Amino acid sequence: KAGVTQTPRYLIKTRGQQVTLSCSPISGHRSVSWYQQTPGQGLQFLFEYFSETQRNKGNFPGRFSGRQFSNSRSEMNVSTLELGDSALYLCASTLDPSGNTIYFGEGSWLTVV
Amino acid sequence: GESVGLHLPTLSVQEGDNSIINCAYSNSASDYFIWYKQESGKGPQFIIDIRSNMDKRQGQRVTVLLNKTVKHLSLQIAATQPGDSAVYFCAVPRAGGGADGLTFGKGTHLIIQP
């Protein structure tokens, strides 16, 4: 059974650009959440989707957005990139929001120059 | 909101010894706790979890202990091996189920000495 798959694994963007990251959850998992990991702030919750609806959102500006498709795949978008957005972006999936085990992907490394 | 803290940013142990990584949480209403292991360049890997109706849970070479009185949990790794070298995080749900978002501690980097 494949794990959580994230693409691309590495990317470099310029300040002011926008970026879209993709996540395919474990087969059968319907809840997808996103996290940002930086050396200074650690792992921080961005948002969570279930049944194509954003259920929860962390404390991030509106430049960070996401969506979920009917097949549970998810994308997150960051617009008007800033240097501080350089981070590892992690996607996680679980069966549903009721508190089952949460599994993480390998992440997408974003560098903003 | 919930906060989670780890006692030591780095822990160095001899191969074959037991390791103990500690974590403290702030919300006494927290009822679910998870430990993750993150190796360099990889995403966090689920190790073990425990619910608040338990004090102890064992896995393969790992044990999690929960002390709700002092809001403290620990991860014990028996007979530490080189492959155990990683950063270990404890995490608690922000609210409700884990899918509502997890709050992570800063992580303890476990270093294995040969």
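One can find the structure itself at the top, above this paragraph.
Computed from a prediction, not measured in an experiment: that's the story for all the values here.

## Focus: the nonpolar core
All names here are of chain B. Core analysis: the largest hydrophobic core is formed by 22 residues, its most contacted members being Phe33, Trp35, Leu73, Leu75, Tyr88 and Leu110. Mapped by element, the contributors of at least two residues to this core are β2 (10-14), β3 (19-25), β4 (32-38), β5 (45-51), β7 (62-67), β8 (72-77), β9 (86-93) and β11 (108-113). For this core, the element with the most residues is β9, which contributes 4 residues. Those residues in contact with leucine 75 that lie beyond four places of it in its chain are Ser19, Ile20, Ile21, Trp35, Ile47, Ile48, Val62, Thr63 and Tyr88.

## Concerning the pattern of salt bridges
Per the counting criterion, the structure on display carries 8 salt bridges over all chains. The salt bridge partner of A:Arg67 is A:Glu75, with a shortest N-O separation of 3.2 Å. Among the salt bridges present, the one from B:Arg61 reaches B:Asp84, with a minimum N-O distance of 2.9 Å. You can see B:Arg61 sitting in the loop between β6 (56-58) and β7 and its partner B:Asp84 sitting in the loop between β8 and β9, a full 23 residues away along the chain. According to the relative accessible area criterion, B:Arg61 is partly exposed, its value standing at 30%.

## Looking at the environment of B:Gly107
Residue and element names in this part refer to chain B. Among the structural elements, glycine 107 can be located in the loop between β10 (102-104) and β11. According to the relative accessible area criterion, glycine 107 is buried, its value standing at 9%. A C-alpha to C-alpha distance of 9.2 Å links glycine 107 and glutamine 38, two positions 69 residues apart in sequence.

## Digging into the side chain of A:Arg63
Note on placement: A:Arg63 falls in the loop between β6 (53-57) and β7 (64-68). Apart from the residues lying within four places of it in its own chain, the contact partners of A:Arg63 are A:Asn77, A:Val78, A:Ser79, A:Thr80, A:Leu81, A:Glu82 and A:Asp85.

## So, the packing of aromatic side chains
How two aromatic rings sit relative to each other is given by the distance of their centres and the angle of their planes. A full pass over the atoms with the stated rule returns 12 aromatic pairs over all chains. A centroid spacing of 5.7 Å and a plane angle of 90 degrees characterise the contact between A:Tyr35 and B:Phe104, whose relative ring orientation is edge-to-face. Of this pair, A:Tyr35 sits in strand β4 (residues 31-38) while B:Phe104 sits in strand β10, on two different chains. B:Phe104 gets classed as buried once you look at its relative accessible area, which sits at 8%.

## Regarding the state of the cysteines
Residues and elements named next belong to chain A. If you walk through the whole model with that rule in mind, you get 2 disulfides over all chains. Disulfide partner of cysteine 23: cysteine 91, at an S-S distance of 1.8 Å. When the S-S torsion is -65 degrees, as for the bridge of cysteine 23 with cysteine 91, the disulfide is left-handed. Taken together, the residues span a long stretch of sequence, with cysteine 23 in strand β3 (residues 19-24) and cysteine 91 in strand β9 (residues 87-94) at a distance of 68 residues.

## A look at the interface of chain A and chain B
Facing the 29 residues of chain A at the interface are 20 residues of chain B. Of the roughly 1700 Å² buried where chain A meets chain B, counting both sides, 52% is carbon and sulfur surface. The interface formed by chain A and chain B includes 0 salt bridges. Joining chain A to chain B, the criterion identifies 5 residue pairs in polar contact (both at pLDDT 80 or more). Those elements that place two or more of their residues in the side of chain A that touches chain B are β4, β5 (42-50), β6, β9 and β10 (103-104) of chain A. Considering every element that reaches the side of chain A that touches chain B, the biggest residue donor is β5(A), with 4 residues. Across the side of chain A that touches chain B, the residue classes tally to 10 nonpolar, 13 polar and 6 charged.

The rules behind the values
Residues numbered from 1 in each chain as written. Chains lettered and ligands numbered in written order. Predicted model: local features only at pLDDT ≥ 70, side-chain atom pairs only at ≥ 80, totals over all residues. Heavy atoms only, no water. Core = buried A, V, L, I, M, F, W, Y, C linked by side-chain atoms within 4.5 Å. Buried < 20%, exposed > 50% of the residue type's maximum accessible area, 1.4 Å probe, protein only. Helix = DSSP H or I, 4+ residues; strand = E, 2+ residues; numbered from the N terminus. Contact = heavy atoms within 4.5 Å. Salt bridge = Lys/Arg side-chain N within 4 Å of Asp/Glu carboxyl O. Phe/Tyr/Trp six-rings, centres within 6.5 Å; stacked < 30°, edge-to-face > 60°. Disulfide = S-S within 2.5 Å. Buried area = accessible area lost by both parts, 1.4 Å probe. Polar contact = N/O pair within 3.5 Å; in protein donor to acceptor, adjacent residues only side chain to side chain. Nonpolar A, V, L, I, M, F, W, Y, C, P; charged D, E, K, R; others polar.

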